[in-house]
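This is what each chain is made of:
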Amino acid sequence: MPDDTRLAADIEARLRPLEVALAEAWWETSTRASPEANERRERIELERRDLLADADAFAAIRAARARGAADPLVRRQLDVLHDAFAPHQVPGDLRRRLVELEVDVESTFNTHRGEIDGQRVDDNQIREILGTSDDPTERRAAWLASKQVGAVVAGRVGELAGLRNEAARALGYRDHFDLALATGELDEDRLFATLADVDARTAAPFAEWKAGADDELATRFDCAVADLRPWHFDDPFFQEAPAAGAVDLDALFENADLEALTLRTYDGIGLDLRPVLAHSDLLAREGKSQHAFCIDIDREGDVRVLCNIEPNERWMDTMLHEFGHATYDREVDDALPWLLRGATHALTTEGVAMLFGRLPRDPRWLGTIAGIDAARVDDLAPALVAARRANLLVFARWVLVMTNFERGLYADPEADHETRWWDLVERFQLLGRPERGTVDAAWASKIHLTVAPVYYQNYLYGELVASQLGATIDARAGGLVDSPGAGRFLVDAFFLPGASLRWDHLMEQATGEPLTAAAFGRQLAG
Ligand SMILES: [Zn+2]
């Protein structure tokens, strides 16, 4: 066996049992939380982190990459290992300070509650007010309550950015933003060219849509458009389109069997997800995570989904989304080396999941799979198109704020971030900034800056992947509903190669062109 092949196999032999044990412990803590399960998960996480910090192993990986392995699958495994090990090659004391500070800020987010008139309120109460109240004073108080955590954590989030930079520079990167993109297989110039393209395609349609929404809000709150502020919108960050005027599909699903509709959707393209359903945990229960996720336990077929289903539209699209991740995990070629037996990138698996998650708003799916009568679907269709367009526009403009903000955060952790934040919000979201002194460090109330740094761009890329894959499936297989050709295309062209191809090569090979915002842009045409 050549040295490079043996190196990859040796590291796999150390990493694989830890990854499988961690996935099992993660499932256990999410479905039956207990002190023992938490303790086990923490212990395995530390063991895994120690392995990824192993300087000798990292040196061997670098040397092997520099030599250039002959076998493309070995080369690819070494690339994957390099990107997994690199961010952990940090001096022990710096690594400890980073982990402590991250845990510290995250626990402030978990325990902090904003206050309205001295009363503590949680996020659900704040969302309830912003979603329903017609009283601008009450709305303003609720919005401010959602931002109070920002002032509490801002100093530490700035410090965290500084420490992350220190670690990145020790490894030869410009700053943490540079390191995160480079080890996440993203090119910064290309990313910002894509963002500029998305900006150009969305600026005019967003401005037009926003002007209409502003008029409605000004009427509702009996004020001038110029007096609208962020608290007049439903979402504290304006990352979703307001619910008023959108289509409410919940009535269509109140008696639906979401599990059956999920299986039926995937059966229609020739993919059987009963084995995943059998291992899944789908109903709400005491002591169970309230979120939704899909997890591949062993990369040998044991794929599970966690949900907390209620018969409504949100859970219908969440089910289809999570089972999209599941079918991708299940269909990767099991002859590949274990290190390459999974989705090649977060943005490819998010793209697939988003593609399926869009189906409950697709007239064809509503008629064929959900069994809604044709006249009703025809009635709904124009509003569904408008709502989908509004959501894509609002979300794209919000990602432009986040990604530009994060680049600046790491470029200069000491900068005046509050001014930068509102400059970006005004420019991309066309929101009026609050008067000076109204709010302190609103930027730091976005938890992703702390717990998922430099990740937001993957959500936008996921939407672009969904649109481009969807367009290819429409052209080659006549759509995603009851179309076995669509399933065959996804499996053969997109799932089987696993991580043996980089995400950009996979996209180009599967769809015939590099990933761009073109198909996404066509969907905005309405
Ligand atoms: Zn997802």
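The rules behind the values
- Residues numbered from 1 in each chain as written.
- Predicted model: local features only at pLDDT ≥ 70, side-chain atom pairs only at ≥ 80, totals over all residues.
- Heavy atoms only, no water.
- Helix = DSSP H or I, 4+ residues; strand = E, 2+ residues; numbered from the N terminus.
- Rg over C-alpha atoms; globule rule 2.2 N^0.38 Å.
- Buried < 20%, exposed > 50% of the residue type's maximum accessible area, 1.4 Å probe, protein only.
- Contact = heavy atoms within 4.5 Å.
- Donors = N, O, S within 2.8 Å, 3.2 Å for Na, K, Ca; no water.
- Tetrahedral: all angles 85-135°; square planar, octahedral: opposite > 155°, others 65-115°.
- Core = buried A, V, L, I, M, F, W, Y, C linked by side-chain atoms within 4.5 Å.
- Pairing = 2+ DSSP bridges.
- Axes fitted to C-alpha atoms, helices over the stretch in contact; angles between N-to-C directions.
- Parallel < 35°, antiparallel > 145°, perpendicular 65-115°, else oblique.
- Left-handed = near helix turned anticlockwise from the far one by under 90°.
- Polar contact = N/O pair within 3.5 Å; in protein donor to acceptor, adjacent residues only side chain to side chain.
- Arc of directions from axis to C-beta.
- Salt bridge = Lys/Arg side-chain N within 4 Å of Asp/Glu carboxyl O.

## A word on the overall build of the protein
Then, in step 1: Looking only at helices and strands, the protein has 22 helices and four strands in total.
Then, in step 2: In terms of overall size, the protein behaves like a compact globule, its C-alpha atoms giving a radius of gyration of 24 Å where 526 residues would be expected to give roughly 24 Å.
Then, in step 3: Sorting the 526 residues of the protein into buried and exposed places 54% on the buried side.
Then, in step 4: For the protein, the share of sequence-separated contacts (at least 6 apart) that also reach a separation of at least 24 residues comes to 76%.

## Details of the coordination of the zinc ion
Then, in step 1: Ligation of the zinc ion by protein atoms is provided by His321 (NE2), His325 (NE2), Glu350 (OE) and Glu350 (OE), these donors lying 2.1 to 2.6 Å from the ion.
Then, in step 2: In this structure, the zinc ion is coordinated by four donor atoms arranged in irregular fashion, with angles at the metal of 51 to 141 degrees.

## A short note on the nonpolar core
Then, in step 1: In this structure, Trp209, Phe323, Phe356, Trp365, Trp421, Trp443 and Phe494 are the most contacted members of the largest nonpolar core, which totals 135 residues.
Then, in step 2: Tallying contributions element by element places helix H16 (residues 374–411) first for this core, with 18 residues.
Then, in step 3: If sequence neighbours within four positions are ignored, Trp443 has contacts with Ala154, Val157, Gly158, Phe405, Leu409, His417, Glu418, Trp421 and Leu449.
Then, in step 4: Among the nonpolar cores identified, the runner-up in size contains 21 residues, and Leu22, Ala25, Phe58 and Ile61 belong to it.

## Examining unusual backbone geometry
Then, in step 1: Phi is positive for Glu185, close to 55 degrees, though the residue is something other than glycine.
Then, in step 2: In this fold, Glu185 is placed in the loop between helix H8 (176–182) and helix H9 (188–221).
Then, in step 3: Backbone geometry at Leu430 places phi at a positive 55 degrees, although glycine is not the residue there.
Then, in step 4: Tracing the chain through its elements places Leu430 in the loop between helix H17 (417–429) and helix H18 (448–451).
Then, in step 5: Using a relative accessible area of 37% as the deciding quantity, one classes Leu430 as partly exposed.

## Some words on the pairing of strand E4 (residues 303–306)
Then, in step 1: Because side chains alternate across E4, one face comprises the buried residues Val303 and Val305, and the other comprises Arg304 and Leu306, equally buried.
Then, in step 2: In this sheet, E4 lies alongside strand E3 (residues 293–296) in antiparallel orientation, the contact comprising four bridges. Residue pairing across strands places Ile295 opposite Arg304, the latter belonging to E4.
Then, in step 3: Counting the residues between successive antiparallel strands, the hairpin from E3 to E4 contains six residues, one of them, Arg299, with a positive phi of roughly 55 degrees.

## So, the packing of helix H19 (residues 457–477) against helix H21 (residues 503–511)
Then, in step 1: With their axes 10 Å apart at the nearest point, H19 and H21 run at an angle of 20 degrees to one another. Considered as vectors, H19 and H21 are oriented roughly parallel to each other. In the crossing of H19 with H21, the sense of the turn from one axis to the other is left-handed. Residues Tyr461, Val465, Gln468, Leu469, Thr472 and Arg476 of H19 touch H21, and the partners they reach there are Trp503, Met507, Ala510 and Thr511.

## A short note on the side chain of Arg229
Then, in step 1: Positionally, Arg229 belongs in the loop between H9 and helix H10 (250–253).
Then, in step 2: On the basis of relative accessibility, which here comes to 13%, the residue Arg229 falls in the buried class.
Then, in step 3: Looking at Arg229, its side chain comes within polar contact range of the main-chain oxygen of Arg433, at 3.2 Å.
Then, in step 4: In this structure Arg229 touches Gly432, Arg433, Pro434 and Glu435, once residues within four positions along its chain are discounted.

## Considerations on H21
Then, in step 1: Those residues of H21 that fall on the buried side of the exposure criterion are Trp503, Asp504, Leu506, Met507, Ala510 and Thr511. Projected onto a plane normal to the axis of H21, the buried residues spread over an arc of 160 degrees and lie on a single side.
Then, in step 2: Of the surrounding secondary structure, the elements contacted by the buried residues of H21 are H9, helix H13 (313–331), helix H14 (346–357), H19 and helix H20 (484–495).
Then, in step 3: Where H21 terminates, the next one or two residues include Gly512, which has phi positive at roughly 85 degrees.

## Digging into the environment of Asp4
Then, in step 1: Tracing the backbone shows Asp4 in helix H1 (residues 3–31).
Then, in step 2: With relative accessibility at 12%, the residue Asp4 sits in the buried group.
Then, in step 3: Taking the C-alpha atoms as reference, Asp4 lies 33 Å from Val465; in sequence the two are 461 residues apart.

## A look at the pattern of salt bridges
Then, in step 1: This model, assessed by the stated rule, comprises 33 salt bridges.
Then, in step 2: Residue Arg14 is joined to Asp54 by a salt bridge in which the shortest nitrogen-to-oxygen separation is 3.0 Å. Residue Arg14 is found in helix H1, and its partner Asp54 is found in the loop between helix H2 (35–52) and helix H3 (55–67); the two are separated by 40 residues along the sequence.
Then, in step 3: Arg361 is the salt-bridge partner of Glu313, the closest N and O atoms lying 2.7 Å from each other. Remark: Arg361 occurs in the loop between H14 and helix H15 (363–368) and Glu313 occurs in helix H13; sequence separation between them is 48 residues. Take Glu313 and Arg361: they sit in the same class, and that class is buried.

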